[in-house]
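Here's the letter readout for the chains.
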Amino acid sequence: MKVSNNIQAALKDGAEVTETSEAGNAGAQARESGHGATVSADTVITGAEALLKALIEEGVDTIFGYPGGAIMPVYDRLLDYTDRLRHILTRHEQGAAHAAQAYAMVTGKPGVCFATSGPGATNLVTGMANAFLDSVPVVFITAQVTAGLIGTDAFQETDILGISMPVTKWNAQVKRAEEIPDTVARAFYIARTGRPGPVLIDIAKDAQFENLTYRYSRCTYIRSYNPVNPLISRDIESAAVMINYAERPMILAGHGVIISGAMAELRALAEKAAIPVAVTLLGLPAFSHDHRLYAGMLGMHGNYAPNVLTNKADLIIAAGMRFDDRVTGNLKKYAPGARVIHIEIDRAEINKNVRADLGINSDAREAITALLPLVRERSREEWIREFRILDRTEHEKVVKPETEPEVGDLTMGEVVKTVSEMAGRDAVVVTDVGQHQMAVARYYHFTDSNRLVTSGGMGTMGFGLPAALGAAVGGEGRQTVVFTGDGGLQMTVQELGTIMQYRIPVKIVLLNNSFLGMVRQWQEMFFNSRYASTELVNPDFVMLASAYGISARKVTSRQELRETVEEMFSANGPFLLQAEVSRKANILPMIEPGASVSEVTLTYNGKS
């Protein structure tokens, strides 16, 4: 087995592996020897079948993928497992990758994705990078040419290990059938533990045909790989003292709060200590937006109050977020008067961008739970009132004109607000990338029972449609609505075919402005309105949806907006709502490049 990855040192050949056991003493013996008690009886099967059995042992029931020559043995055996493994045939491997990520984000289980060698494997790379930056566990399984041909530039051979190394948590190449069970066990353990992330298994074609004596043991330990460090009690005590004596504290909650399931603990901490809670893009559902302590979204197009008041805070408690540049703005001007407590499961993120006065390398839920009894009840009404004052300013200058316009074209904000009011409190919300993504982040009313599936770190246009079908499959009956733009939709529009084939009940809200809107906005603001290659000549999207057997309707006026949204949600099966919105509207507020988070542009050219 060839292994090449960013935690290679911890997983080098000979590393001890321990697996789960359901057999008491056998499990203890297994841990001593480095091998787990077997779950399955000895059976002689092919490598292809061993792969499918191993996936079932890991609780997998859904696979997204696309077949091809090198992975054909696996797909052939898959026909014998249709009662236990559901395969969703996407129309492109990138679509399969995004669908698998969305499935993982909704279910909390690792997503699984299949692709063949060569272009099939390379088409997954954007999806791998997307899952890597957003900390989502996806097990990518690619096929490779036969072992004897590896390195010869054989037909459809690519070095997918080398290509994927920077964007996977771990990867491995399997050349013998007997390596498959242990490699799968390791892959799932690594993908789901610590800071979750994507892994890749590349399997030679002949290994899929070979026979092996199948025995499977789930992995629970790898020597030198320590995904979670124990809490240090003195750090928790120090954090509590810092919180208790702060006058203007803020909590910054990121995706890690959702991954760890710490929403209830976060709310309890905020309420007990009366601390405003701001969220990142991926952390939007971490704290209900109707809570009195909800401060808004951070970042470039975030809310006015949390951005401005970051630079007035005397304590920042960051949980499950990595201080990326879209959140911090100019680092030299970021939170100059604040001490920083950074709760983060990935040690590499602590002190990487923002220096922490106290770094707590831990799971967010575990750390917040430990903090709760040590934090004193406080009343910080004057500090909270500062957020409300700035909220009113933003509402009058930006929010009201965007969500309650009386004349002019439809706006993205009013469409998003209307859909939010009618979608339900536990809907799964998916977005593509662009202006509409920021409109959703700003104007969709999230609760901690919502789920948001979006591309954060990569900002991948084309993510929305395939992610929506994966989210709907994983949501199992939950209302799933995707917001997309005319540019992003056309990058992966072929996945309408997947939605058609499986009758996936996705509600597609297309905010159509006939531009690559976010790029156009930057061209207007920073390139003297020189609109280079951003205006789109689009097809008739209603007719296009109809060609795929998907109900669709176009709305051009606010008088018919609510009626059309009602029609969308009452329709059985998928539905596409095409909303014709203002062609040259901008998403504001905005922290311009090089500015600090307190230097917020609320108006531009006299427009909100």
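Computed from a prediction, not measured in an experiment: that's the story for all the values here.

> What am I meant to see in the overall build of the protein here?
The number of helices and strands found in the protein is 24 helices and 23 strands. Seen along its three principal axes, the alpha-carbon backbone of the protein occupies a region of about 70 × 65 × 40 Å. Looking at the protein residue by residue over its 608 residues, the buried ones come to 60%. Residue pairs at least 24 apart in sequence account for 76% of intrachain contacts in the protein once pairs closer than 6 positions are excluded. On the protein, roughly 23,300 Å² of surface is accessible, and the fraction owed to carbon and sulfur atoms is 49%. Of the side-chain charges in the protein, 58 are positive and 68 negative, and the distance between the mean point of each set is 4 Å.

> I'm lost on the nonpolar core in this one. Help?
Here is a general trend for soluble globular proteins: nonpolar side chains tend to be buried in one another's company. In this structure, Leu252, Ile316, Ile341 and Phe483 are the most contacted members of the largest nonpolar core, which totals 103 residues. It is helix H16 (residues 381-403) that contributes the most residues to this core, six residues altogether. Both domains that furnish three or more residues to this core are identified here as domain 2 (233-386) and domain 3 (410-580). Beyond its immediate sequence surroundings of up to four residues, Ile341 is in contact with Ala239, Met242, Ile243, Leu315, Ile316, Ile317, Ala318, Leu358 and Ile360.

> Can you walk me through H16 in this structure?
Given 3.6 residues per turn, any residue in an α-helix points the same way as the ones three and four places further on. Spanning 23 residues, H16 covers only 29 Å between terminal C-alpha atoms, well under the ideal 33 Å at 1.5 Å per step. The axis of H16 is deflected most strongly, by about 55 degrees, at His395. Every buried residue belonging to H16 is among Trp383, Ile384, Phe387, Leu390, Glu394, Val398, Val399, Glu402 and Thr403, and all of these are buried. On the buried face of H16, the contacting elements are strand S12 (249-253), strand S14 (294-297), helix H13 (304-310), helix H17 (412-423) and helix H18 (435-443).

> For this particular structure, what's the right way to read the packing of aromatic side chains?
Both the distance between ring centres and the angle between the ring planes are used here to describe each pair of aromatic rings. This structure, assessed with the given rule, holds 10 aromatic pairs. Taking the centre distance of 6.0 Å and the plane angle of 75 degrees together, the rings of Tyr75 and Phe114 count as edge-to-face. In this pair, Tyr75 sits in helix H3 (residues 72-78) while Phe114 sits in strand S6 (residues 111-115), placing the two residues 39 residues apart along the sequence. A ring pair is formed by Phe323 and Tyr334, whose centres lie 6.0 Å apart and whose planes are at 75 degrees; its orientation type is edge-to-face. Here Phe323 is found in the loop between strand S15 (315-319) and helix H14 (325-328), whereas its partner Tyr334 is found in the loop between H14 and strand S16 (339-343), with 11 residues between them in sequence. The exposure class of Phe323 is buried, given its relative accessible area of 2%. Site record: aromatic cluster; members linked through ring pairs are Tyr444, Phe446 and Phe483. The lysine or arginine in question, Arg376, covers the ring of Tyr245, its NZ or CZ lying 5.3 Å from the ring centre.

> Explain the domain arrangement of the protein here, please?
For an interface, size is often stated in terms of accessible area lost upon the parts coming together. Each domain of the protein was delimited in the assignment, giving domain 1 (5-222), domain 2 (233-386) and domain 3 (410-580). Here the C-alpha centroids of domain 1 and domain 2 sit 36 Å apart. Each side of the interface is counted separately: domain 1 has eight residues, and domain 2 has seven residues. Summed over both sides, the interface between domain 1 and domain 2 buries roughly 590 Å², with carbon and sulfur atoms accounting for 61% of that surface. When the buried surface of domain 1 facing domain 2 is broken down by residue, Met105, Asp134 and Arg195 rank first, second and third, together holding 65% of it. Viewed at the interface, domain 2 and domain 1 are joined by two salt bridges. Taking the shortest distance from any N to any O, the salt bridge between Arg195 and Asp346 comes out at 2.8 Å.

> Which parts of the structure should I look at to understand unusual backbone geometry?
Most peptide bonds adopt trans geometry, and most residues besides glycine take a negative phi value. In this structure, the amide linkage connecting Leu588 to the following residue, Pro589, adopts the cis form with an omega of 0 degrees. Backbone geometry places Asp153, a non-glycine residue, at a positive phi of 60 degrees. Tracing the backbone through its elements, the reader meets Asp153 in the loop between strand S7 (138-144) and helix H7 (160-164). Residue class for Asp153 comes out exposed when judged on its relative accessible area of 72%. In the Ramachandran plot, Ala274 falls in the positive-phi region, its phi being about 55 degrees despite a non-glycine side chain. In this fold, Ala274 is placed in the loop between helix H12 (263-273) and strand S13 (277-279).

> Teacher, can you tell me more about the sheet that holds S14 here?
Think of a sheet as strands paired side by side through backbone hydrogen bonds, with each pair either parallel or antiparallel. Overall, parallel pairing links the six strands, which are arranged S14-S13-S12-S15-S16-S17 in an open sheet. Only two strands of the sheet have a single neighbouring strand rather than two, namely S14 and strand S17 (358-360). When strand polarity is set aside, the average angle formed by the axes of neighbouring strands in this sheet is 20 degrees. Both S13 and S14 contribute to a ladder of three bridges, which runs parallel. What sits directly across from Val277, in S14, is Tyr294. Packed onto the sheet, helix H10 (residues 233-245) meets S15, S16 and S17 and runs at close to 130 degrees relative to S17. Its contacts with the sheet put H16 on S12 and S14, and the angle it makes with S14 is roughly 45 degrees.

What counts and how
Residues numbered from 1 in each chain as written. Predicted model: local features only at pLDDT ≥ 70, side-chain atom pairs only at ≥ 80, totals over all residues. Heavy atoms only, no water. Helix = DSSP H or I, 4+ residues; strand = E, 2+ residues; numbered from the N terminus. Buried < 20%, exposed > 50% of the residue type's maximum accessible area, 1.4 Å probe, protein only. Contact = heavy atoms within 4.5 Å. Areas by Shrake-Rupley, 256 points an atom, 1.4 Å probe, with all protein chains shown as cover. Lys, Arg positive; Asp, Glu negative; His and termini not counted. Charge placed at Lys NZ, Arg CZ, Asp CG, Glu CD. Core = buried A, V, L, I, M, F, W, Y, C linked by side-chain atoms within 4.5 Å. Domains from an automatic or database assignment. Expected span 1.5 Å × (residues − 1). Bend = angle between axes of the 7 residues up to and from the residue. Phe/Tyr/Trp six-rings, centres within 6.5 Å; stacked < 30°, edge-to-face > 60°. Lys NZ or Arg CZ within 6 Å of the ring centre and 35° of its normal. Buried area = accessible area lost by both parts, 1.4 Å probe. Salt bridge = Lys/Arg side-chain N within 4 Å of Asp/Glu carboxyl O. Pairing = 2+ DSSP bridges. Axes fitted to C-alpha atoms, helices over the stretch in contact; angles between N-to-C directions.

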